Amino acid sequence: MPDNPAPSETILILGGTSEAAELAKQLVESQPAARVITSLAGRTREPAPLAGEVRSGGFGGIDGLVSYLRENRVTRLIDATHPFARQISANAVEAARIAGVPLEIRTRMPWERQQGDEWIVVETLQAARDAIPPRARVLLALGSQHIGVFADREDAHFVVRMIDPPETKLELPDHALILGRPGDTAAIEAMLLIAHSITHIVCRNSGGKSAYAKIEAARKLGLPVIMVGR
């Protein structure tokens, strides 16, 4: 019997979400003979441990993803990326077609407005910026790459939460920086909102459980949420 038998199948998960991490765990446990690889964009410097193999960084567009699928003999491609990661999702569709690899899309369902939610629904980050009233104290619950659009709002105070310290100085004129992951309960998020006298939250409708606590906290406190839709 060979020391390293060929895997029964090779599964590539385009990840970066809590759902992708849970899926990798399930597949490793349920299919021990399979090779399970999770691909991360590489934005988080120290991502949480994942089951199976992990690769980090981009593929280099559609052609790069096609090459990776072929070189690693991927038999199943699963897109479990963030709902707003539109480019990699579009690349996955085309690369799967070219390489002849079955593609599964596991996109989070968006959050739905509940009784007590005060949402201001907008279509773009620019519209979210414009919807912020003067003298507001805003929790920007966005990725670091989306902060710059708010740089000209000198009449508002921003609280920015990031997992990793920014590599360069934030462009926001008046802001506070919090390092860490979002709280996992509404009570923890409410404490942060109260401590910083937050009047508004800006976020994208990413769906999922891991980021929902701030929405629940805003509901309990009666705070408006400027919600960028899909």
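Higher on the page you've got the structure.
An account of the accompanying structure is given in this report. Just so it is clear, the structure is predicted and the values come from calculations on it, not from any experiment.

What about the pairing of strand E2 (residues 35-40)?
Counting buried residues along E2, five of its six residues qualify, which places the element largely inside the surrounding structure. Summarising the sheet, strand E1 (residues 10-14) and E2 pair through five bridges and their orientation is parallel. Bridging across to E2, threonine 10 finds its partner in arginine 35. Handedness of the crossover is the feature at issue here: the chain leaves E1, passes through helix H1 (residues 18-30), returns alongside E2, and the resulting connection is right-handed. Summarising the sheet, E2 and strand E3 (residues 53-56) pair through four bridges and their orientation is parallel. Bridging from a neighbouring strand, isoleucine 37 pairs with glutamate 53 of E3.

Some details on the packing of helix H2 (residues 61-71) against helix H3 (residues 86-99)
Their axes nearest at 9 Å, the elements H2 and H3 cross at an angle of 50°. Considered as vectors, H2 and H3 are oriented oblique to each other. For the pair H2 and H3, the crossing hand works out as right-handed. Seen from H2, the contacting residues are Gly61, Ile62, Leu65, Val66, Leu69 and Arg70; seen from H3, they are Asn91, Ala92, Glu94, Ala95, Ala96, Ile98 and Ala99. Each residue belonging to the contact of H2 with H3 can be placed in one class, and the counts come to nine nonpolar, two polar and two charged.

Considering the nonpolar core
Core analysis: the largest hydrophobic core is formed by 20 residues, its most contacted members being Ile132, Leu140, Phe150, Phe158, Val160 and Val202. The leading source of residues in this core is strand E8 (residues 157-162), at three residues. Judged by nonpolar contacts, the second largest core, of 19 residues, contains Leu139, Leu192, Ile198 and Ala217.

A look at the pattern of salt bridges
For the structure shown, the criterion picks out 11 salt bridges. The partner of glutamate 29 in a salt bridge is lysine 25, with the nearest N and O atoms 3.0 Å apart. Taken together, the residues glutamate 29 and lysine 25, both in helix H1 and four residues apart, mark about one turn of the helix. Residues arginine 153 and aspartate 155 are paired through a salt bridge, measuring 2.8 Å at the closest nitrogen-oxygen approach. Relative accessible area serves as the criterion here: at 11%, arginine 153 is assigned to the buried category. By sharing partners, the salt bridges in this structure join Glu9, Arg76, Glu104 and Arg106 into a single network.

Side note on the packing of helix H5 (residues 186-195) against helix H6 (residues 213-221)
It is the contact of H5 with H6, at a shortest axis distance of 8 Å, that shows an interaxial angle of 65°. For H5 against H6, the interelement crossing comes out right-handed. Residue-level contacts link Ala186, Glu189, Ala190, Leu193 and Ile194 of H5 to Ala213, Lys214, Glu216, Ala217, Ala218, Lys220 and Leu221 of H6. Here the residues of the contact of H5 with H6 sort into eight nonpolar, no polar and four charged.

Thoughts on the packing of aromatic side chains
Per the counting criterion, the structure on display carries three aromatic pairs. Between tryptophan 111 and tyrosine 212, the aromatic rings sit 5.7 Å apart at their centres with planes inclined by 45°, giving tilted as the arrangement. Of the two residues, tryptophan 111 is situated in the loop between strand E5 (103-105) and strand E6 (118-122) and tyrosine 212 in the loop between strand E10 (200-204) and H6; the sequence distance between them amounts to 101 residues. Comparing tryptophan 111 with tyrosine 212, the two get one shared label, buried.

A few points about H2
By the burial criterion, the buried members of H2 are Gly64, Leu65, Val66, Tyr68 and Leu69. Packing partners of the buried residues in H2 comprise E1, E2, E3, strand E4 (76-79) and H3. Two residues or fewer past H2, arginine 73 is found with a positive phi of approximately 50°.

So, how was this worked out
Residues numbered from 1 in each chain as written. Predicted model: local features only at pLDDT ≥ 70, side-chain atom pairs only at ≥ 80, totals over all residues. Heavy atoms only, no water. Buried < 20%, exposed > 50% of the residue type's maximum accessible area, 1.4 Å probe, protein only. Helix = DSSP H or I, 4+ residues; strand = E, 2+ residues; numbered from the N terminus. Pairing = 2+ DSSP bridges. Right-handed = clockwise from strand over helix to strand, strands pointing away. Axes fitted to C-alpha atoms, helices over the stretch in contact; angles between N-to-C directions. Parallel < 35°, antiparallel > 145°, perpendicular 65-115°, else oblique. Left-handed = near helix turned anticlockwise from the far one by under 90°. Contact = heavy atoms within 4.5 Å. Nonpolar A, V, L, I, M, F, W, Y, C, P; charged D, E, K, R; others polar. Core = buried A, V, L, I, M, F, W, Y, C linked by side-chain atoms within 4.5 Å. Salt bridge = Lys/Arg side-chain N within 4 Å of Asp/Glu carboxyl O. Phe/Tyr/Trp six-rings, centres within 6.5 Å; stacked < 30°, edge-to-face > 60°.

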